Amino acid sequence: MSQTTQKENVMKYKLAYTGLILLVYILGKCIPLYGVGLASEDYQAVSAEEVLMQAISGDAYRSSVFTLGIFPFMISGILVQVAFAVRNLFTKTKLSPRAMGRAMAAVTFAIAVLQAFAQVPQLKFMVAEGMLFWAKAVAITEMVTGVMVIMWLSNRNAKYGVGGRMIVGLINILERVVVTIMNHDAQSLAVPLAISAAVMLVTLVMENAELRIPVQRVSIHNVYADKNYMAVKLNPVGVMPVMFSTAVFMLPRLVVSLLGYLFPQDAGIAWWQENMVLSRPAGIAVYILCEYLLTVSFTMLMINPKDITEQFLKNGDSIVNLHAGRDTRRYLKRAMWCISFVSATVMGVCILVPLVLQLEGNIDSGLTMLPSSIMMMVSFWCTIFREVVSIHKYDACRPLF
């Protein structure tokens with residue numbers, strides 16, 4: 001096969017591979033857990049927490065082998081990145097991507113087991129009393145296996161497909177948005193859709209606008225020397241913090257649920273069980289706090305001022321009107337703090353407005369997370385669009401000889 005033919009097939013190959021991944025995932029959601037009774041009527045989310053869980057798991061009935069969804073490896077991704085970031089503060093030895101992959105798989109497995117044990121008591125098994133223990137054990141095994149399969153599918157799509165590791169999350173969000181809109185009338189949808197339209201516009205601006213920091217590069221000695229800059233999006237890490245804050249918010253809820261199951265008479269645990277929901281001010285405050293912390297943390301991890309400063313020193317480059325080294329690092333750190341805080345505030349307001357309207361009774365609880373879902377969808381589609389454009393440009397290249 002010639003080089004030209006190979007390049008012409010890259011787009012088709014990647015799209016076909018992603019389509020195959022999604023087909024396997026959709027089919028997996030149709031495989032029920034062993035011994036679990038299926039609901040006979042359509043399921044409608046009645047709370048914001050249910051909508052959040054469906055965006056993560058994609059299983060409205062919570063009865064398929066993929067019922068735990070992407071929650072475990074979302075949490076494991078955060079924990080592993082934080083652990084390795086702390087490790088890098090004390091040593092300069094780099095770990096291979098394979099070692100990080102094994103660590104993430106191990107943490108994902110542990111979280112999946114914990115979540116499966118917490119969710120099994122909520123399932124209704126249609127088996128004889130003597131077989132109930134074994135049915136629960138098989139269901140736990142199936143749920144944990146489903147998580148590992150989803151993780152493998154996501155990693156394969158990131159390597160060979162389009163949309164990266166979060167393509168499964170995008171499908172879950174799209175499904176939840178469609179079901180939510182179909183299950184509500186036009187009158188109840190008026191305010192949430194108006195907020196969603198405003199959120200969509202804000203997200204498009206944040207995803208496509210950028211801060212340009214002028215840079216002097218010693219390797220450029222032409223008319224473009226004065227036009228070099230380091231570009232940073234106004235939304236540096238996209239809506240990843242919104243997606244991951246959902247998982248982070250669900251983690252303490254999972255722990256509280258386990259503690260409530262073990263200590264049903266404890267008043268303190270009962271209070272947290274009652275208030276760690278998005279229909280109470282305490283739960284809303286924790287959720288917004290998670291979004292702020294994740295936005296700032298992800299920005300500092302992905303756009304590390306220390307690494308950028310060291311790279312400038314190695315290359316002999318510098319920011320205009322700043323000395324290389326400590327001054328540059330301080331400037332970049334201050335700029336990243338400011339831009340991440342602005343990004344977190346904008347996204348936090350978009351999330352907070354419908355939650356406050358829900359507290360006042362102006363929005364149905366099942367529609368509270370619709371603007372957040374639209375925000376995540378728009379950001380993901382912007383990322384996929386840029387990826388597809390890049391692949392198309394690559395396919396358009398022709399060999400010189």
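Asks: Looking at this model, I keep getting lost on the overall build of the protein chain. Mind explaining?
Replies: The number of helices and strands found in the protein chain is 14 helices and three strands. Each of the 401 residues in the protein chain was classed as buried or not, and the buried ones make up 43%. Sequence-distant contacts, at least 24 apart, represent 78% of the contacts inside the protein chain between residues at least 6 apart. Carbon and sulfur atoms provide 65% of the accessible area of the protein chain, an area that totals close to 21300 Å².

Asks: Please clarify how the pattern of salt bridges should be interpreted in this entry.
Replies: Should their charged atoms come close, side chains of opposite charge can pair. Summed over the entire model, instances satisfying the criterion amount to four salt bridges. Across the salt bridge formed by Arg-386 and Glu-207, the nearest N and O atoms sit 3.9 Å from each other. With Arg-386 in helix H14 (residues 370–396) and Glu-207 in helix H8 (residues 186–208), the pair connects residues that are 179 residues apart, well separated along the chain. On the basis of relative accessibility, which here comes to 1%, the residue Glu-207 falls in the buried class. A salt bridge links Arg-212 to Glu-210, with the shortest nitrogen-to-oxygen separation between them at 2.9 Å. When salt bridges that share partners are traced, they join Glu-207, Lys-233 and Arg-386 into one network.

Asks: Sorry if this is basic, but what is going on with the sheet that holds strand E3 (residues 318–319) here?
Replies: What links the strands of a sheet is backbone hydrogen bonding, and the strands pair in either a parallel or an antiparallel sense. Strand order in the open sheet formed by three strands is E2-E1-E3, and the pairing between neighbours is antiparallel. Two strands close off the open sheet at either side, each with one partner strand: strand E2 (229–233) and E3. As paired elements, strand E1 (residues 210–216) and E2 share five bridges and run antiparallel to each other. Bridge pairing in E2 links Ile-213 to Met-230.

Asks: Explain the packing of helix H13 (residues 326–359) against H14 here, please?
Replies: Think of two packed helices as two axes; the pair is described by the angle between the axes and how far apart they sit. The N-to-C vectors of H13 and H14 enclose an angle of 150 degrees; their axes lie 8 Å apart at closest approach. The angle between H13 and H14 places the two elements in the roughly antiparallel class. Of the residues in H14, those in contact with Met-347, Cys-350, Ile-351 and Pro-354 of H13 are Pro-371, Ser-372 and Met-375. Taken together, the residues of the contact of H13 with H14 break down into six nonpolar, one polar and no charged.

Asks: Explain the packing of H8 against H13 to me, please; I cannot follow it from the model alone.
Replies: It is at 11 Å that the axes of H8 and H13 come closest, and there the two elements cross at 175 degrees. On the basis of the axis angle, H8 is roughly antiparallel to H13. Facing H8, whose interface residues are Val-191, Ile-195, Val-199, Val-202 and Met-206, H13 presents Ser-343, Val-346, Cys-350, Val-353 and Leu-357. Looking at the contact of H8 with H13, its residues break down into nine nonpolar, one polar and no charged.

Asks: Help me understand a nonpolar patch on the surface in this model?
Replies: Together, Tyr-34, Met-131, Phe-133, Trp-134 and Val-138 give the surface a local cluster of nonpolar side chains, amounting to about 540 Å² of exposed area. A residue is classified by how much of its surface remains accessible, and Val-138, at 33% relative accessible area, is partly exposed.

Asks: Hey, could you run me through the packing of aromatic side chains in this one?
Replies: Within a pair of aromatic rings, the relevant descriptors are the distance that separates the centres and the angle that separates the planes. Within the structure shown, the criterion is met by six aromatic pairs. Considering the side-chain rings of Tyr-13 and Tyr-17, the 6.1 Å spacing of their centres and the 40 degrees angle between planes classify their relative orientation as tilted. A residue pair is termed a helical-turn pair when its members lie 3 or 4 positions apart in one helix, as Tyr-13 and Tyr-17 do in helix H2 (residues 10–28) at four residues. A centroid spacing of 5.0 Å and a plane angle of 90 degrees characterise the contact between Trp-271 and Trp-272, whose relative ring orientation is edge-to-face.

Asks: I'm lost on the side chain of Ser-76 in this one. Help?
Replies: Position of Ser-76 relative to the elements: it lies in helix H4 (residues 71–88). Look at Ser-76 and you get buried, because its relative accessible area is 0%. In terms of polar contacts, Ser-76 uses its side chain to reach the backbone carbonyl oxygen of Phe-73, at 3.0 Å. A distance of 2.6 Å separates the side chain of Ser-76 from the side chain of Thr-108, its partner in a polar contact. Excluding anything up to four places from it in sequence, Ser-76 contacts Met-104, Val-107, Thr-108 and Ile-111.

Asks: It is not clear to me how unusual backbone geometry should be interpreted in this structure. Could you clarify?
Replies: The bulk of non-glycine residues show a negative phi, and the bulk of peptide bonds are trans. One non-glycine residue, Asn-321, adopts positive backbone phi at about 65 degrees. Considering the arrangement of structural elements, one finds Asn-321 in the loop between E3 and H13.

Asks: Sorry, what's going on with the nonpolar core here?
Replies: One recurring pattern in soluble globular proteins is that nonpolar side chains are buried together. Counting residues in each nonpolar core, the largest one holds 73 residues, and the members touching the most others are Ile-70, Met-243 and Tyr-287. No other element matches H14, which puts ten residues into this core. Core analysis: the next-biggest nonpolar cluster, separate from the first, contains 13 residues, Val-215, Ile-303, Phe-312 and Leu-332 among them.

What counts and how
- As a convention, each chain's residues are numbered from 1 in the sequence order in which they are written.
- pLDDT decides what is reported in this predicted model: residues at 70 or higher carry local features, side-chain atom pairs at 80 or more are listed and counted, and totals for whole chains, interfaces and linings draw on all residues regardless.
- Excluding hydrogens and water, the side-chain figures rest on all heavy atoms present in the structure.
- Here a helix means four or more residues in a row that DSSP labels H or I, a strand means two or more in a row labelled E, and each is numbered from the N terminus.
- To sort residues, take the accessible area from a 1.4 Å probe on protein chains only and compare it with the maximum for the residue type: under 20% means buried, over 50% means exposed, and anything in between is partly exposed.
- Working rule for contacts: check all heavy atoms of both residues, and any pair within 4.5 Å makes them a contact.
- All accessible areas in this document rest on Shrake-Rupley with a 1.4 Å probe, and a residue is counted as covered only by the protein chains that are shown.
- A carboxyl oxygen of Asp or Glu within 4 Å of a side-chain nitrogen of Lys or Arg is what we treat as a salt bridge.
- When DSSP finds at least two bridges between two strands, those strands are taken to pair.
- All axes are obtained by fitting lines to C-alpha atoms, using only the stretch in contact for helices, and the reported angles, taken between N-to-C directions, cover 0 to 180 degrees.
- Angle categories: roughly parallel below 35 degrees, roughly antiparallel above 145, roughly perpendicular from 65 to 115, and oblique for all the rest.
- Classification convention: Asp, Glu, Lys, Arg as charged; Ala, Val, Leu, Ile, Met, Phe, Trp, Tyr, Cys, Pro as nonpolar; all other residues, Gly among them, as polar.
- A patch is a set of surface residues, each over 30% in relative accessible area and not in a salt bridge, joined within 9 Å for like charges and within 5 Å for the nonpolar side chains Val, Leu, Ile, Met, Phe, Trp and Tyr.
- Any Phe, Tyr or Trp ring, taking Trp's six-membered ring, that has another such ring centre within 6.5 Å forms a pair; planes under 30 degrees apart are called stacked, those over 60 apart edge-to-face, and the others tilted.
- Polar contacts, as counted here, are pairs of nitrogen or oxygen atoms within 3.5 Å of one another; within protein the pair requires one atom able to donate a hydrogen and one able to accept it, and residues that are adjacent in sequence qualify only if both atoms are side-chain atoms.
- We define a nonpolar core as any set of buried Ala, Val, Leu, Ile, Met, Phe, Trp, Tyr and Cys residues linked to one another through side-chain atoms lying within 4.5 Å.

Everything listed here is a matter of geometry and, on its own, says nothing about what the molecule does.
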